[in-house]
Amino acid sequence: KKLNISHSQITRLYSRFHSLDKGENGALSREDFQRIPELAINPLGDRIINAFFPEGEDQVNFRGFMRTLAHFRPVEDNEKNKDLTSGEPLNSRTNKLHFAFQLYDLDRDDKISRDELLQVLRMMVGVNISDEQLGSIADRTIQEADTNGDMCISFSEFTKVLEKVDVEQKMSIRFLH
Amino acid sequence: MEGAWEIAFVFFQVWLSIVVGLIMLPAMFGVSLGFTDIYIKVLVKTLEWATLRIQRGQKEQAALPSQSANGIIEKDDGSMQEEIGELRRSHPKNLAGGDFTLCDAFYFCKKGIENIVEDQVTQRFTSEELASWNLLTRTNNNFCYISLRLTIIWGLGVFIRYCILLPLRITLAVIGLSWLVIGTILVGLLPSSNVKNWLSDLVHITCYRICARGLSATIRYHNKENRPKKGGICVANHTSPIDIVILANDGCYAMVGQVHGGLMGVLQRSIVRSCPHVWFERSEMKDRHAVAKRLKDHIADKTKLPILIFPEGTCINNTSVMMFKKGSFEIGGTIYPVAIKYDPQFGDAFWNSAKYNMVSYLLRMMTSWAIVCNVWYLPPMTRQDGEDAVQFANRVKSAIAHQGGLVDLSWDGGLKREKVKESLKEEQQKMYSSMIIGSDFNEASLSLLLSVSSPDDPSAPVKGSGGL
């Protein structure tokens, strides 16, 4: 029965993929995502879109689309895991946190530097906060999280700071049937 | 061969007299012979039967459930403040002011992914999906083969629609439009007088009635006492060019629009001879003041017909009402709102201009089962004191959305073709910034906030970087 629900979700998502694919070439580009108005006005819109595209690529096919969205399946849904590494499902708490971590980690080097944090903060607040204030916010955040003194936030430090947050609920999308 | 031509000719004559006698003449006198009603009743029964069969079939095959009208994913309706507040509650707060936490990004991330899966805007520019198949091939999404009987009925439907109804409808449409052109030119020859106006109204209504029969349109008008009066402005939600036929079946309006070439142009030039419509050249449309002035002059003259305007500016798929452009609401005058809701079961009236041109659209219309719709006349509204044009427009839009059972959106219908305004993103950023600064408000940030102008406030002078 769980299988049926998954199947209909895949059909729905394929419809959606197809309707976003204006060029009808079986792959989505960044412009295709930007055409969604609510995503275009999202301050982190560009970062989220970027998460769909592997390093250096400009097109994402349906498989890649589904793979990225799979991070957001609710944790209860774990009969079907498709992750190929070490058997951990894509939508585990760790992998959801990793997805969020990568929103901040601009150069994908597995740590969030002060500079990267500043850039992402600037995306979120626009012109409304001064450089000095933003700088002190970034410093405070790093200070709070950094345990090994390298002035960067690693993934394990990130996880530690957010250990009490209900990641499973906040980073999941529930289908209505 | 001679014999064959004669038979064809006789056939044609019989055909024509049937059309004239049974459809045109009653249309001219506003009388209904009841054929359409019977047709619709039969259709409803058939579709109900088909739905039951499909549901039964789906249960047997454990097939895919159909889409619910409420969307495909659950969405939290909380505001940014609420959602981020909830996220932060579980995080140990640092009290040195500046309320940023790393988990804030979760809110934007989830919203973004939700919008990638399903968003409120892009779905309005394609046809509404039906909850159950209505036996038209074009609406067949994911409905698989169920039974032989259903397929036979479907095949019968194809035959009826394409071989019987389509020729009939095309004949009617051609007659209706040519009569409109000829009739209005003839009436235009008369000197201005009450008789001329009366004749003009008669010609217009008759032709629109014939065109409506040409679509097998069944229209139910509600609250006729609120019908638009002379010197007023009628506003309605826009789904297709057929809206004009629907509304003009029950009253006479002055149309507003751009001058077109081709067949449209011929129609425009002829109908303006019998009564004043407002046609703009393309260049004039850009000058908002000139447009406003012409409309103002029109409604100031109480002998002229009410203007019909569609403030959305583009066709929307009849599941929602999108932003009303404020231009029509600045002119003054009484606004008569009208809500139009089509029943998608019988035929999808939405014109997806990106996918179909006018001719293919009309052909699709004429090969649907029928066009069934409800029209509600809402009580007239005027701008109140202290209300600006945008607020007034939103008020009218809500009333129309509420009456028609449509979703009230403030997104611009122009997003069909254009990108979203940068200022909306800036609004989001401003909202989030106020959550970070919070009580740590100092003069520098205050002045920064004030210099970014609010995009919804047309009277505020644009300073700083927040340009429209």
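Residues numbered from 1 in each chain as written. Chains lettered and ligands numbered in written order. Predicted model: local features only at pLDDT ≥ 70, side-chain atom pairs only at ≥ 80, totals over all residues. Heavy atoms only, no water.

> Please explain the overall build of chain A as it appears in this structure.
From N to C terminus, chain A includes 10 helices and four strands. Secondary structure of chain A in N-to-C order comes out as α-β-α-α-α-β-α-α-β-α-α-β-α-α. Along the first, second and third principal axes, the C-alpha set of chain A runs to 50 × 35 × 30 Å. Relative to its full complement of 177 residues, chain A shows a buried share of 50%. Working note: accessible area of chain A is about 8,600 Å², and carbon and sulfur atoms make up 51% of it. Of note, chain A has its 24 positive side-chain charges centred 8 Å away from the centre of its 30 negative side-chain charges. (Helix = DSSP H or I, 4+ residues; strand = E, 2+ residues; numbered from the N terminus. Buried < 20%, exposed > 50% of the residue type's maximum accessible area, 1.4 Å probe, protein only. Areas by Shrake-Rupley, 256 points an atom, 1.4 Å probe, with all protein chains shown as cover. Lys, Arg positive; Asp, Glu negative; His and termini not counted. Charge placed at Lys NZ, Arg CZ, Asp CG, Glu CD.)

> Where do I start with the UniProt feature "domain: Phospholipid/glycerol acyltransferase" (unreviewed entry) in chain B in this structure?
Taken from the UniProt record, the annotation "domain: Phospholipid/glycerol acyltransferase" (unreviewed entry) applies to residues 232-343 of chain B. The span residues 232-343 of chain B is 33% helical and 22% strand by assignment, and the distance between its end C-alpha atoms comes to 28 Å. (UniProt positions renumbered as here; feature names shortened; annotations may be inferred.)

> Please clarify how helix α11 (residues 358-366) of chain B should be interpreted in this entry.
Along an α-helix, a turn takes 3.6 residues, which lines up residues three or four apart on a common side. Three or more residues of α11 of chain B are buried, namely Tyr361, Met365 and Met366 of chain B. Buried positions in α11 of chain B, seen along its axis, are confined to an arc of 135° and lie on one side of it. (Arc of directions from axis to C-beta.)

> Whenever I open this one, the pattern of salt bridges confuses me. Can you help?
Pairing between side chains becomes possible if they bear opposite charge and their charged atoms approach one another. Residues and elements named next belong to chain B. Enumeration over the complete set of coordinates arrives at 19 salt bridges over all chains. Residue aspartate 250 is joined to lysine 224 by a salt bridge in which the shortest nitrogen-to-oxygen separation is 3.5 Å. Of this pair, aspartate 250 sits in the loop between α7 (242-248) and β3 (254-258) while lysine 224 sits in the loop between β1 (217-222) and β2 (233-236), placing them 26 residues apart in sequence. By relative accessible area, aspartate 250 is classed as buried at 8%. Under the relative-accessibility criterion, lysine 224 is labelled partly exposed at 39%. One connected set of salt bridges, linked through shared partners, spans Lys224, Arg227 and Asp250. (Salt bridge = Lys/Arg side-chain N within 4 Å of Asp/Glu carboxyl O.)

> It is not clear to me how the interface of chain B and chain A should be interpreted in this structure. Could you clarify?
As a measure of interface size, the accessible area lost when the parts come together is often cited. Each partner contributes to the interface: chain B provides 63 residues, whereas chain A provides 63 residues. The junction of chain B with chain A conceals about 5,700 Å² of combined surface from both sides, 68% of it contributed by carbon and sulfur atoms. A per-residue breakdown of the area chain B buries against chain A is headed by Leu102, Phe106 and Ile116 of chain B, which together make up 14% of the total. Scanning the region where chain B abuts chain A turns up one salt bridge. There are 11 residue pairs in polar contact (both at pLDDT 80 or more) connecting chain B and chain A. Going through the elements one at a time, α3 (80-89), α4 (104-117), α13 (422-437) and α14 (443-451) of chain B are the ones with two or more residues in the side of chain B that touches chain A. (Contact = heavy atoms within 4.5 Å. Buried area = accessible area lost by both parts, 1.4 Å probe. Polar contact = N/O pair within 3.5 Å; in protein donor to acceptor, adjacent residues only side chain to side chain.)

> Any chance you could explain the sheet that holds β2 of chain B here in plain terms?
Sheets are built from strands paired through backbone hydrogen bonds, the pairs being either parallel or antiparallel. Residue and element names in this part refer to chain B. As summarised here, the arrangement of the seven strands in space is β1-β8-β7-β2-β5-β3-β4, forming an open sheet in which the pairing is mixed. The open sheet terminates on both sides in strands that have one partner only, identified here as β1 and β4 (278-280). The average undirected angle you get between the axes of adjacent strands in this sheet is 25°. Relative to strand β7 (residues 335-342), β2 runs parallel, the two sharing four bridges. Residue pairing across strands places cysteine 234 opposite tyrosine 336, the latter belonging to β7. (Pairing = 2+ DSSP bridges. Axes fitted to C-alpha atoms, helices over the stretch in contact; angles between N-to-C directions.)

> Looking at this structure, I do not really get a nonpolar patch on the surface. What am I missing?
All names here are of chain B. Taken together, the side chains of Phe9, Phe12, Leu16, Val20, Leu25, Phe29 and Val31 present a nonpolar region at the surface, about 650 Å² in accessible area. Within the secondary structure layout, valine 20 lies in helix α1 (residues 2-28). You can call valine 20 partly exposed: its relative accessible area is 31%. (Patch = residues over 30% accessible without salt bridge, like charges linked within 9 Å, V, L, I, M, F, W, Y side chains within 5 Å.)

> Help me understand helix α12 (residues 389-404) of chain B, please; the structure alone is not making it clear to me.
Residues and elements named next belong to chain B. Counted at 1.5 Å a residue, the expected span for α12 with its 16 residues is 22 Å, and the 22 Å between its end C-alpha atoms agrees. Listing the buried residues of α12 in full gives Ala389, Phe392, Ala393, Val396, Lys397, Ile400, Ala401 and Gly404. Each element contacted by the buried residues of α12 is listed here: β2, β6 (320-321), β7, β8 (371-377) and β9 (407-408). (Expected span 1.5 Å × (residues − 1).)

> Help me understand the UniProt feature "transmembrane region" (unreviewed entry) in chain B in this model?
Per the UniProt record, "transmembrane region" (unreviewed entry) is annotated on residues 12-35, 143-164 and 170-190 of chain B. Helix makes up 90% of residues 170-190 of chain B and strand 0%, whereas the separation of the span's terminal C-alpha atoms amounts to 31 Å.

> Would you mind showing me how to read the confidence of the model for chain A here?
Interpretation of the predicted coordinates at a detailed level should be avoided for regions scoring low in pLDDT. Of the residues in chain A, 90% reach a pLDDT of 70 or more, and the chain-wide mean stands at 85. Per-residue pLDDT stays below 50 along residues 80-86 of chain A; that stretch engages in nine contacts with residues further than four places along the chain or on separate chains. (pLDDT = per-residue confidence, 0-100.)

> Please clarify how the packing of aromatic side chains should be interpreted in this entry.
Aromatic ring pairs are reported here in terms of the distance separating the ring centres and the angle at which the planes meet. All chains considered together, the criterion is met by 19 aromatic pairs over all chains. Here the aromatic residues Tyr14, Phe17, Phe33, Phe52, Phe53, Phe62 and Phe65 of chain A are joined through ring pairs into a cluster of three or more. (Phe/Tyr/Trp six-rings, centres within 6.5 Å; stacked < 30°, edge-to-face > 60°.)

> Explain the UniProt feature "domain: EF-hand" (unreviewed entry) in chain A to me, please; I cannot follow it from the model alone.
All names here are of chain A. Per the UniProt entry, the sites bearing "domain: EF-hand" (unreviewed entry) are residues 8-43, 92-127 and 133-168 in this numbering. Secondary structure content for residues 8-43 is 61% helix and 6% strand, while the C-alpha to C-alpha distance between its ends is 31 Å. The distance from the first to the last C-alpha atom of residues 92-127 is 36 Å, and the span holds 67% helix and 6% strand.

> How do you make sense of the nonpolar core when you look at a structure like this?
Ranked by internal contacts, the top residues of the largest apolar core, which has 64 residues, are Phe33, Tyr104 and Phe158 of chain A together with Phe100 and Phe106 of chain B. The element contributing the most residues to this core is α4 of chain B, with eight residues. Each residue touching phenylalanine 106 of chain B, except ones within four places of it in the same chain, is listed here: Leu97, Ala100, Leu162, Val165, Val167, Lys170 and Met171 of chain A together with Leu87 of chain B. The next biggest cluster of nonpolar side chains, apart from the first, holds 42 residues, and it includes Val203, Ala212, Phe310 and Met365 of chain B. (Core = buried A, V, L, I, M, F, W, Y, C linked by side-chain atoms within 4.5 Å.)

> Which parts of the structure should I look at to understand the packing of helix α6 (residues 93-104) of chain A against α4 of chain B?
The geometry of a pair of packed helices is captured by two quantities: the angle between their axes and the separation between those axes. Contact geometry for α6 of chain A and α4 of chain B: axes closest at 10 Å, N-to-C directions at 105°. As summarised for this structure, α6 of chain A and α4 of chain B are arranged roughly perpendicular, according to the angle between their axes. Only Ala105, Phe106, Cys109 and Ile113 of chain B of α4 of chain B make contact with α6 of chain A, whose side of the interface consists of Leu97, Phe99, Ala100, Leu103 and Tyr104 of chain A. Looking at the contact of α6 of chain A with α4 of chain B, its residues break down into nine nonpolar, no polar and no charged. (Parallel < 35°, antiparallel > 145°, perpendicular 65-115°, else oblique. Nonpolar A, V, L, I, M, F, W, Y, C, P; charged D, E, K, R; others polar.)

> Any chance you could explain unusual backbone geometry here in plain terms?
Excluding glycine, residues mostly have negative phi values, and the peptide bonds linking residues are mostly trans. For aspartate 110 of chain A, which is not glycine, the phi torsion reads 65° and is therefore positive. If you trace the backbone, aspartate 110 of chain A turns up in the loop between α6 and β3 (111-112). Here the phi dihedral of serine 216 of chain B falls at roughly 50°; this positive angle occurs in a residue that is not glycine. Here serine 216 of chain B is to be found in the loop between α6 (194-213) and β1.

> Hey, could you run me through the pairing of β3 of chain B in this one?
Sheet faces and side chains relate simply in a regular strand, where the side chains alternate between the two faces. Residues and elements named next belong to chain B. Alignment of β3 against strand β5 (residues 307-309), held across two bridges, turns out to be parallel. Opposite methionine 255, over in β5, you have leucine 308 as the bridge partner. One ladder, built from three bridges, connects β3 with β4; its direction is parallel. Across the sheet, glycine 257 pairs through a bridge with tryptophan 279, a residue of β4. Once you follow β3 into helix α8 (residues 262-274) and on to β4, the crossover reads as right-handed. (Right-handed = clockwise from strand over helix to strand, strands pointing away.)

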